Amino acid sequence: MQGITPFLWFDDQAEEAVGFYVSLFKQSKIETKTYYNEDIAKVAERPVGSLMAVDFQLEGQDFVALNGNDDSSFTPATSFFVSCETPEEIARLWQKLTEGGSVLMPLGQYPFSEKYGWLQDKYGVSWQLILGERSQKITPCLLFVGKQAGKAEEAINLYTSTFPNSHVVSLERYTADEGADAGRIKYAMFSLNGQAFIAMDSGMPEHAFTFTMATSLMVNCETQAEVDHFWEKLTTGGKEIACGWLSDPYGLGWQITPILLNELRKDPNPEKSRRAMKAMMQMVKIDIATLQRAAEQSPVSP
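Rules used in this analysis
- Residues numbered from 1 in each chain as written.
- Predicted model: local features only at pLDDT ≥ 70, side-chain atom pairs only at ≥ 80, totals over all residues.
- Heavy atoms only, no water.
- Helix = DSSP H or I, 4+ residues; strand = E, 2+ residues; numbered from the N terminus.
- Rg over C-alpha atoms; globule rule 2.2 N^0.38 Å.
- Buried < 20%, exposed > 50% of the residue type's maximum accessible area, 1.4 Å probe, protein only.
- Contact = heavy atoms within 4.5 Å.
- Areas by Shrake-Rupley, 256 points an atom, 1.4 Å probe, with all protein chains shown as cover.
- Lys, Arg positive; Asp, Glu negative; His and termini not counted.
- Charge placed at Lys NZ, Arg CZ, Asp CG, Glu CD.
- Phe/Tyr/Trp six-rings, centres within 6.5 Å; stacked < 30°, edge-to-face > 60°.
- Polar contact = N/O pair within 3.5 Å; in protein donor to acceptor, adjacent residues only side chain to side chain.
- Core = buried A, V, L, I, M, F, W, Y, C linked by side-chain atoms within 4.5 Å.
- Pairing = 2+ DSSP bridges.
- Axes fitted to C-alpha atoms, helices over the stretch in contact; angles between N-to-C directions.

Draft legend 1. Region of interest: the overall build of the chain. Of regular secondary structure, the chain possesses 8 helices and 16 strands. Relative to the globule expectation of 19 Å for 302 residues, the C-alpha radius of gyration of the chain, 20 Å, shows essentially globular dimensions. A principal-axis box enclosing the C-alpha atoms of the chain has dimensions of 65 × 40 × 35 Å. The buried share of the chain, taken over its 302 residues, is 53%. The contacts in the chain between residues at least 6 apart in sequence include a share of 64% that link residues at least 24 apart. Accessible surface computed for the chain: about 13900 Å², of which carbon and sulfur atoms make up 49%. Here the chain contributes 26 positive and 39 negative side-chain charges, whose respective centroids are spaced 3 Å apart.

Right, dumping it as structure tokens:
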């Protein structure tokens, strides 16, 4: 299982959006769909039996899409770099992804790439298409802007010190003549336990948008010790939310999620899944033992 999974929070368009993305990328498929039961629907204010989440893959990489009521919306603060092998591939993806969307940087030649463009698709999700092969086809990109501008390096240091086997792969800084504060991160790639991520400080920090909970990163944990470790590290200076969700010191959303929880969410026994999800809805940080007792209906120790 992928250690960190991008999680996209839609209103009612998750199924449509996932179908669209799966049709565009190779090695892509819908894996499972889960639906709102009575307990979760009541809390989430969603129709009983309506689609809750879709687990899917794009280019062999795991993603999750959620349907839920939320005031957050997608912003370019979180986007996805797509490395394209040929000009034909980048042209095809650009045409499809810009339909009904908007262009943030036109597709063209730039000093850093023969062909590159940045767009926001019709669902609001941002993509950066660039010509050039990479081992990881789709890479989450974090743009530190507004009040968070200038904090990319600090965030990278936090993330690489929190996750095992992590390091900075490459780093380029703004120079004094580039219209941004010299020394800030122009472009950095870093690895979190083998997964690539990109971070940048905005060259135009006056942009009004920033990170929102519409895009979060789900950390898949095997043990309670892992849950406790990531929760403590990422909530320090940040904010605890609910159901395993948190906001880190820079406003980026994370979900610290036991692998068991995702297994129970998709369990073929609907009652077992319902009990587990009901217990989860009452938690802030997820407790695996309590989750297991709820799923199996084991008595709680006094």
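So that's the structure; there's more coming.
Draft legend 2. Region of interest: the packing of aromatic side chains. Counted by the stated rule, this structure contains 25 aromatic pairs. Ring plane angle 35 degrees and centroid distance 6.3 Å describe the contact between Phe81 and Tyr116, whose orientation is recorded as tilted. You can see Phe81 sitting in strand β5 (residues 78-84) and its partner Tyr116 sitting in strand β7 (residues 113-120), a full 35 residues away along the chain. An identical accessibility class is assigned to Phe81 and Tyr116; each is buried.

Draft legend 3. The environment of Tyr123, seen in detail. Relative to the helices and strands, Tyr123 is located in the loop between β7 and β8 (126-131). Note: C-alpha distance between Tyr123 and Glu16 (107 residues apart in sequence) is 9.5 Å. What Tyr123 contacts, discounting residues up to four positions off in sequence, is Phe10, Gln13, Glu16, Ala17, Phe20, Tyr21 and Phe74. Within the structure, Tyr123 has its side chain in polar contact with the side chain of Glu16 (distance 2.8 Å).

Draft legend 4. Quick look at the nonpolar core. Counting 31 residues, the largest nonpolar core has Phe10, Tyr21, Leu58, Trp127 and Leu129 as the members making the most contacts within it. The element that contributes the greatest number of residues to this core is helix α1 (residues 14-24), accounting for 7 residues. Each residue touching Leu58, except ones within four places of it in the same chain, is listed here: Tyr21, Val22, Phe25, Lys26, Gln27, Ser28, Phe63, Trp127 and Ile138. Core analysis: the next-biggest nonpolar cluster, separate from the first, contains 30 residues, Phe163, Leu192, Leu234 and Tyr250 among them.

Draft legend 5. Seen up close, the pairing of β5. Burial within β5 is extensive, with 7 of its 7 residues counted as buried. Burial of β5 is two-sided: the residues Thr78, Phe80, Val82 and Cys84 facing one way and the residues Ser79, Phe81 and Ser83 facing the other way are all buried. Note: β5 against strand β9 (residues 138-144), 5 bridges, orientation antiparallel. What sits directly across from Phe80, in β9, is Pro140. With 6 bridges joining them, β5 and β8 adopt parallel strand pairing. When the bridges of β8 are listed, Val82 appears paired with Leu129.

Draft legend 6. A look at the sheet that holds strand β11 (residues 185-192). Strands sit in the order β6-β7-β8-β5-β9-β12-β11-β10 across an open sheet of 8 strands; the sheet is mixed. In the strand order of this sheet, the two ends are held by β6 (102-110) and β10 (167-173), each with one partner. Neighbouring strand axes in the sheet, compared pairwise and without regard to direction, differ in orientation by 20 degrees on average. The sheet contact formed by β9 and strand β12 (residues 195-201) spans 4 bridges and is parallel. Within β12, the position partnered with Phe144 by the bridge is Asp201. Contacts between helix α4 (residues 152-162) and the sheet are confined to β9, β10, β11 and β12, with β11 contributing the most and set at about 5 degrees to the helix.

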